[in-house]
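Inside the fold
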Amino acid sequence: MEQALKPADRLLHALADNRIAIEAVTPEIDGGRFPAKAAVGEVVVVEADIFSDGHDLIDAALLTRRKGDKAWSETPMRLYENDRWRAAFVPVENTTYEYTVIAWRDLFRSWRSDVAKKKNAGQDVASELKEGLHILKKALSESDRLDPERRARLQRVTEDIARLADPAQQFSVLMGEDLLGLMTAGGPRSNLSYYLRLLDLFVDRKRAAFSSWYELMPRSQSGDPARHGTFDDVIAQLPYVRDLGFDVLYFPPIHPIGKTNRKGRNNSLTARPDDPGSPYAIGSEEGGHKAIHPELGTFEDFHRLVKAAAEHGLEIALDFAIQCSPDHPWIKEHPEWFDWRPDGTIRFAENPPKKYEDIVNVHFYRDAIPGLWHELRDTVLFWVEHGVKIFRVDNPHTKPLPFWEWMIAEVRRRHPDTIFLAEAFTRPKMMKRLAKVGFTQSYSYFTWRNNKVELTEYLTELTTEECRHYMRPNFFTNTPDINPFYLQNSGRAGFQVRLFLAATLATNYGIYSGYELCEAAAMPGKEEYLDSEKYEIRAWDWDRPGHIKDDVRRLNAWRRAHPALQQFTNLSFYNAYNDNILYYGKYTDDLSSFLLFAVNLDPLNAQGAHFEVPLWEFGLSDDAPIMAEDLVLDRRFTWQGKMQHVWLNPSERTYAAWRLISPQERLT
């Protein structure tokens, strides 16, 4: 009777069985510490280095399942270069998935390959045929992967081979494709090896990966600077926003505004009696983060707005800003949530040399945990119950990372379709860490990337480096806080350039209202708006001369119509021989949607460039013809050869866009 193995020997057997090396799995974020990200319906590609000793053929598979399920779905992996294997799957639910990789030695395919080589070399393979039959019999006795139908088929084939007297006939059956398929599907897996980690993938709903945001101040929608706007005024604006082609309508804070140290116009420290104050000074005797500013309306009015927005194809996004006015009810109800000076006062919010006299910050540790953490989570859940599933989070990089990881997970556990946008213009590693801990989308450095080198390098980083697996940039052209110098000095053409770049480079992008009017009035020497809506109510002429609303409509229509614009990492920069012309393409894997874009980054001067049409992507020679469609002029034409020329004059058009029509499409 065989003796039981000693513990050390059991470990030895386990090590020996895991014979196939599986390394460098991607995506794998920080050794599996954080999940990778995808969206429902998005193709997720998993790769790994897989290899083994000797010359036996190996095979591999990707295992996927919803987290919590017992059964795995298996997708074959394919070798595509230098021991690198790849498989893809498409998640269909807004939930967390997990995945791993397995590999094994395929003894039947190895035998089949070897015996074919010997046969082709004229060698006698009689002994090898017996080995092949033995492998089939072993599969019947040992494999637990054969369902009854496959087992019966394999039994019949094995018996048929055994009855054949002619070695040539045996060889023919053993080498048959049907038998290969049967053994691949149900045969034993020798030295079945597992990657040692189960990796998580959080799958968002589609809007997390593809969205167009429009930001407006609700109080400025009355059309009269002397009258505070209401939710009903915003409802009246919904057709305008939808006509521009947006699908997310985002509001800065809509809560009661404190009076202590209220800011006046242009951030003045002295407010006039009729100054509305900054919406970021949250909280007054009328309530805090779970209340609505009374002049905007009631919760009933807000519910009507959410419903009306949905009827226009728009989803409401709210600002989640954790700072408080000195009048916020929390200060009296929970003084332990704040930092108090020795003299009994609260420290104002600061980012030296900036000082925000109308707000104070909460403290996340000491006696504030867990009470404050629970209250902030419950605040988000409160607004979710009122119909809001998208939150732009103000300055998350100034709050503890563990809080965000916990809070976002808590919300998603109940409502996995919630979207969080991190407004964090900060150090690169902090921006990426926020994305890792759970933020769905991220503000980015796009706002300050203006020339060809900057844009090319930054987009190459975002679309090709590891961050592509967890960080989804949202390319906002401007915000109430940021009036970029480029826009201040570039005129209408500059607004067209930045809009075009944001809408065609990124799958998520946004503008702050007034952008379509080319609003550029600035505080001298600062990237801030003059007469900013943060401190006063404005009235806008939405049809004032010089607007670019037609460009906005056109670009949002392209984004909806062309699948290539609904993917982020499918970006390629191509050669255009002028540093002022940025030239790039986006296309789907099957090339059915293939778009090319050229934009003049110089908003003040006409620029031209010879550029290369990427005929090679279609397998065409450099002098071949290809049909194209000019998306701006809405006409078709044929390019002959890869070298072409474009001329972009800011007074006429700052950008060009073409759709390449593949030879296969022309035939259909």
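In this text the structure is predicted, and so the values were computed from the model without any measurement. (Residues numbered from 1 in each chain as written. Predicted model: local features only at pLDDT ≥ 70, side-chain atom pairs only at ≥ 80, totals over all residues. Heavy atoms only, no water.)

Glancing now at the side chain of N578. Within the secondary structure, N578 is located in the loop between strand 21 (571-573) and strand 22 (581-587). Residue classification places N578 among the buried residues on the basis of a relative accessible area of 15%. Within the local environment of N578, its side chain forms a polar contact with the backbone oxygen of G608, the two atoms lying 2.8 Å apart. Not counting residues within four places of it along the chain, the set of residues in contact with N578 comprises K452, Q607, G608 and A609. (Helix = DSSP H or I, 4+ residues; strand = E, 2+ residues; numbered from the N terminus. Buried < 20%, exposed > 50% of the residue type's maximum accessible area, 1.4 Å probe, protein only. Polar contact = N/O pair within 3.5 Å; in protein donor to acceptor, adjacent residues only side chain to side chain. Contact = heavy atoms within 4.5 Å.)

With that settled, the discussion passes to the sheet that holds strand 23 (residues 594-600). Paired through their backbone hydrogen bonds, the strands of a sheet run either parallel or antiparallel. Taken in spatial order, the six strands line up as 21-22-23-28-25-26 in an open sheet, and their pairing is antiparallel. Single-partner strands in this sheet number two, and they are strand 21 and strand 26 (635-640). Pairwise comparison of adjacent strand axes, ignoring direction, gives a mean angle of 30° for this sheet. Where strand 25 (residues 625-630) meets strand 26, six bridges bridge the pair, whose relative direction is antiparallel. (Pairing = 2+ DSSP bridges. Axes fitted to C-alpha atoms, helices over the stretch in contact; angles between N-to-C directions.)

With that settled, the discussion passes to the packing of helix 2 (residues 107-120) against helix 3 (residues 126-142). In contact at an axis separation of 10 Å, helix 2 and helix 3 are set at 165° when each is read in the N-to-C sense. Relative to helix 3, the element helix 2 lies roughly antiparallel. Relative to helix 3, helix 2 is oriented so that their crossing is left-handed. For the pair formed by helix 2 and helix 3, the contact residues are L107, F108, W111, V115 and K118 on the first element and E128, L129, E131, G132, I135 and L136 on the second. By residue class, the composition of the contact of helix 2 with helix 3 is seven nonpolar, one polar and three charged. (Parallel < 35°, antiparallel > 145°, perpendicular 65-115°, else oblique. Left-handed = near helix turned anticlockwise from the far one by under 90°. Nonpolar A, V, L, I, M, F, W, Y, C, P; charged D, E, K, R; others polar.)

Let's shift gears to the UniProt feature "binding site: alpha-maltose 1-phosphate" (unreviewed entry) in the protein. Mapped onto this numbering, the UniProt entry gives "binding site: alpha-maltose 1-phosphate" (unreviewed entry) at K263, Q323, D358, N395, K534 and Y535. Note on placement: Q323 falls in the loop between strand 13 (315-320) and helix 9 (329-333). The buried category is assigned to Q323, whose relative accessible area is 5%. Setting aside chain neighbours within four positions, we find Q323 in contact with Y280, I282, H289, I359, V360, N361, D394 and K399. On the secondary structure map, K534 appears in the loop between strand 20 (508-512) and helix 15 (549-561). The contacts of K534, once residues within four sequence positions are left out, are M217, R219, G277, S278, P279, P480 and D481. A distance of 2.5 Å separates a polar atom in the side chain of K534 from a polar atom in the side chain of D481. (UniProt positions renumbered as here; feature names shortened; annotations may be inferred.)

Together, V43, V45, V90 and V92 give the surface a local cluster of nonpolar side chains, amounting to about 320 Å² of exposed area. Among the secondary structure elements, V92 is positioned in the loop between strand 7 (84-89) and strand 8 (96-105). (Patch = residues over 30% accessible without salt bridge, like charges linked within 9 Å, V, L, I, M, F, W, Y side chains within 5 Å. Areas by Shrake-Rupley, 256 points an atom, 1.4 Å probe, with all protein chains shown as cover. Salt bridge = Lys/Arg side-chain N within 4 Å of Asp/Glu carboxyl O.)

This part covers the packing of helix 10 (residues 371-385) against helix 11 (residues 401-414). It is at 10 Å that the axes of helix 10 and helix 11 come closest, and there the two elements cross at 40°. Classed by the angle they form, the pair helix 10 and helix 11 counts as oblique. Of the two possible hands of crossing, helix 10 and helix 11 adopt the one that is right-handed. Side by side, helix 10 and helix 11 meet where W373, H374, L376, R377, V380 and L381 of the first sit next to P402, F403, W406, M407, E410, V411 and R414 of the second.

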